[in-house]
Amino acid sequence: MSHNDRLLVLFLLVALLGACLWVLLPFASALFWAAVLAFASWPLMRLLTGWLNGRESVAAGLLTAGWVVLVAVPLLMFGFNLVDYIRELTGLINTLRLEGLPPPPEWLAGLPMIGDELVELWRAVDQQGLALFATLKPYLGQVGNWLLARSAKLAGGMLELVLSLVLVFFFYRDGPRLERFVQSLLERLIGERAEHYLELVAATVQRVVNGVIGTAAAQGLLALIGFWIAGVPGAMLLGLLTFALSLIPMGPPLAWMPATAWLAWQGDYGYAIFLGIWGMFVISGVDNVLKPYLISRGGNLPLVVVLLGVFGGIYAFGFMGLFLGPTLLAVAYSLLCDWVSEPGPQGEVPANHVQQEQGREVRAAKLTERTDQSGR
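Values in this document were obtained by computation on a predicted structure and should not be read as measured data.

Visitor: I keep staring at the overall build of the chain and nothing clicks. Help me out?
Guide: Scanning the chain from terminus to terminus reveals 16 helices and zero strands. The burial tally for the chain puts 26% of its 376 residues in the buried class. Within the chain, counting contacts between residues at least 6 apart in sequence, those at least 24 apart form 63% of the total.

Visitor: Hey, could you run me through the pattern of salt bridges in this one?
Guide: Inspection of every chain in the model, using the stated rule, returns two salt bridges. Salt-bridge contacts for Arg173 lead to Asp174; the nearest nitrogen and oxygen are separated by 3.3 Å. The exposure class assigned to Arg173 is partly exposed, which follows from its relative accessible area of 28%. With a relative accessible area of 19%, Asp174 lands in the buried category. Residues Arg177 and Asp174 are paired through a salt bridge, measuring 2.5 Å at the closest nitrogen-oxygen approach. A single salt-bridge network, built from bridges that share partners, covers Arg173, Asp174 and Arg177.

Visitor: Explanation requested: the packing of helix 9 (residues 194-230) against helix 10 (residues 235-245) in the structure shown.
Guide: Angle between the axes and distance between the axes: these two values describe a pair of packed helices. Packing of helix 9 against helix 10 leaves a shortest axis separation of 8 Å and a crossing angle of 155°. Here helix 10 runs roughly antiparallel to helix 9, going by the angle between their axes. You can see that helix 9 and helix 10 cross each other, and the crossing is right-handed. Counting all contacts with helix 9, which are made through Ile213, Ala216, Ala217, Gln219, Gly220, Ala223, Leu224, Phe227 and Trp228, the residues of helix 10 involved are Ala235, Met236, Leu238, Gly239, Thr242 and Phe243. Split by residue class, the contact of helix 9 with helix 10 holds 11 nonpolar, four polar and no charged.

Visitor: So what exactly am I meant to see when it comes to the packing of aromatic side chains here?
Guide: The relation between two aromatic rings is expressed through the spacing of the ring centres and the mutual angle of the planes. One pass over the structure, following the stated rule, counts three aromatic pairs. Centre to centre, the rings of Trp42 and Tyr172 are 6.4 Å apart; their planes meet at 25°, and the pair counts as stacked. Of this pair, Trp42 sits in helix 3 (residues 42-51) while Tyr172 sits in helix 7 (residues 129-173), and the two are 130 residues apart along the sequence.

Visitor: Explanation requested: helix 9 in the structure shown.
Guide: Helical periodicity: at 3.6 residues per turn, an α-helix aligns residues three or four positions apart in one direction. End to end, helix 9 covers 54 Å across 37 residues, agreeing with the expected 54 Å (1.5 Å per residue, within 8%). Just beyond helix 9, the residue with positive phi is Gly231, at close to 75°.

Visitor: Please clarify how the nonpolar core should be interpreted in this entry.
Guide: Note on soluble globular proteins: their nonpolar side chains tend to be buried together. Membership of the largest hydrophobic core comes to 16 residues, with the highest contact counts inside it found for Phe227, Val232, Leu238, Ala259, Leu263, Leu275 and Ile283. Looking at this core, the elements with two or more residues in it are helix 9, helix 10, helix 11 (253-265) and helix 12 (269-283). The residues contacting Val232, other than those within four sequence positions of it, are Phe227, Leu238, Ala259, Leu263 and Leu275. Grouped together as the second largest cluster of nonpolar side chains are 13 residues, Ala34, Leu52, Ala60 and Tyr172 included.

Visitor: Please clarify how the layout of surface pockets should be interpreted in this entry.
Guide: The gaps left among the atoms become clear once a water-sized probe is rolled over them. Its volume calculated, the second largest pocket comes out at about 1700 Å³. For the second largest pocket, the lining is made up of 36 residues, of which Ala35, Phe171, Val182, Leu198 and Val201 are closest to its centre. Considering every element that reaches the lining of the second largest pocket, the biggest residue donor is helix 8 (residues 175-190), with nine residues. Residue classes in the lining of the second largest pocket are distributed as 28 nonpolar, four polar and four charged.

Visitor: How should I be thinking about the confidence of the model for the chain in this particular structure?
Guide: Do not read the predicted coordinates in detail wherever pLDDT is low. Per-residue confidence for the chain averages 76 on the pLDDT scale, and 72% of its residues sit at or above 70. Between the elements of the chain, mean pLDDT differs from a low of 49, seen in helix 16 (residues 351-375), to a high of 90, seen in helix 12. Note that residues 344-356 has pLDDT below 50 and, in this model, eight contacts with residues that lie over four places away or in other chains.

Visitor: Explain a nonpolar patch on the surface here, please?
Guide: Together, Val23, Leu24, Phe27, Val162, Leu163, Val166 and Phe170 line one region of the surface with nonpolar side chains, adding up to about 610 Å² of accessible area. Residue assignment for the nonpolar patch shows that the elements contributing at least two residues are helix 1 (3-24) and helix 7. Sorting elements by how many residues they give to the nonpolar patch places helix 7 first, with four residues. Residue position: Val162 is located in helix 7.

Visitor: Would you mind going over the side chain of Ser284 with me for this structure?
Guide: One can find Ser284 in the loop between helix 12 and helix 13 (287-296). Overall, Ser284 belongs to the buried group, its relative accessible area being 19%. Reaching out from Ser284, the side chain makes a polar contact with the side chain of Trp256 at a distance of 3.3 Å. In contact with Ser284, not counting residues within four places along its chain, are Gln219, Pro252, Pro253, Trp256 and Gly279.

Visitor: In this structure, what is going on with unusual backbone geometry? I would like to understand it.
Guide: Most peptide bonds take the trans form, and the phi angle of most residues other than glycine is negative. Here Asn53, not a glycine, exhibits a phi torsion of approximately 60°, which is positive. By the element assignment, Asn53 lies in the loop between helix 3 and helix 4 (56-99).

Visitor: Please clarify how helix 13 should be interpreted in this entry.
Guide: Considered for burial, the residues of helix 13 that qualify are Lys291, Pro292, Ile295 and Ser296. Down the axis of helix 13, the buried set is contained in an arc of 125°. They therefore lie on one face. Those residues of helix 13 that are buried are in contact with helix 9, helix 14 (303-317) and helix 15 (321-341).

Visitor: Any chance you could explain the side chain of Asp174 here in plain terms?
Guide: Examined against the element boundaries, Asp174 turns out to sit in the loop between helix 7 and helix 8. Here Arg173 takes part through its side chain, which lies 3.3 Å from a polar atom of the side chain of Asp174. At 2.5 Å, the side chain of Asp174 forms a polar contact with the side chain of Arg177.

What counts and how
- Residues numbered from 1 in each chain as written.
- Predicted model: local features only at pLDDT ≥ 70, side-chain atom pairs only at ≥ 80, totals over all residues.
- Heavy atoms only, no water.
- Helix = DSSP H or I, 4+ residues; strand = E, 2+ residues; numbered from the N terminus.
- Buried < 20%, exposed > 50% of the residue type's maximum accessible area, 1.4 Å probe, protein only.
- Contact = heavy atoms within 4.5 Å.
- Salt bridge = Lys/Arg side-chain N within 4 Å of Asp/Glu carboxyl O.
- Axes fitted to C-alpha atoms, helices over the stretch in contact; angles between N-to-C directions.
- Parallel < 35°, antiparallel > 145°, perpendicular 65-115°, else oblique.
- Left-handed = near helix turned anticlockwise from the far one by under 90°.
- Nonpolar A, V, L, I, M, F, W, Y, C, P; charged D, E, K, R; others polar.
- Phe/Tyr/Trp six-rings, centres within 6.5 Å; stacked < 30°, edge-to-face > 60°.
- Expected span 1.5 Å × (residues − 1).
- Core = buried A, V, L, I, M, F, W, Y, C linked by side-chain atoms within 4.5 Å.
- 1 Å grid on protein atoms, 1.4 Å probe; cavity = no way out; pocket = protein on both sides within 12 Å on 5 of 7 lines; lining within 4 Å.
- Points joined across faces, edges and corners; volume = space filled by probe spheres on them.
- pLDDT = per-residue confidence, 0-100.
- Patch = residues over 30% accessible without salt bridge, like charges linked within 9 Å, V, L, I, M, F, W, Y side chains within 5 Å.
- Areas by Shrake-Rupley, 256 points an atom, 1.4 Å probe, with all protein chains shown as cover.
- Polar contact = N/O pair within 3.5 Å; in protein donor to acceptor, adjacent residues only side chain to side chain.
- Arc of directions from axis to C-beta.

Okay, structure coming up:
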């Protein structure tokens, strides 16, 4: 084959690959989430396949059905509760517009130093309620359009989630073959280090999944405690709803903010203030601390790299960036470390590599000494 023929074949292959990516582009998000879900739950798939004597299709079908039930039920409960919350919020706004604010609570006047000023402010807002609603009326349409756009985006996300639950069946069933294909492709591209980087990506994705699920569990538990202290009915259901909403950006406020508004509507202003503060600084605040810690825990990736990967990935790729950001930075960080650790041009080993080897020898000697002492 001549040089021109090879260039033509290469061009046709690149064009074919580009056309395939173009066809799969509308399903990129669903394919990504299906792959992440299948990878994160692969130990369950392996265990279930062993129980079913190696019948991979049956195990994939059962596990996919389980995910459908676990995901569909919280989404349905969220939809029903959201409709109720919106109905109550609309009734609250109409009542305030027609009847004004209720009398100020007694405890408000008892606050030291600022109690009287807050009572006067409460009465001033009550007297000027109609003027306030007239001032806010031009902005209510913009808020409604914003909520409509967010609702449409949320509906599109739910459709992608349903498609992901369908595609995850094929990842379960054909997972081993896909793994062998990816490993063979990487070996052709980067040689003997393919297995190392494949394990690096797998470990990073696993830590991210553990961080996301662990943070969601913590937020659900903290939300349950807050709802229980404030006396919100259905605290257990709202805690489970918070766990499900924690898997999406800015999801937990969709659970605790309507509950706070309901408490205020019932006249429990003290518990409403408590739940608002608890939700803002505890439920939603733990996401910024716990998630990066869990993602960086157990790996050799510095915490600052994880933070940049999480927040920068979300900014660049949306919610998918929560997985893509740390993974890309982890691979790049490992590549740079391997490159720095390689021998110099004249066979000289870098100083940091020598220090690492000396540190390993010292630790091994100390471990041997402790073992000898314990044996005596």
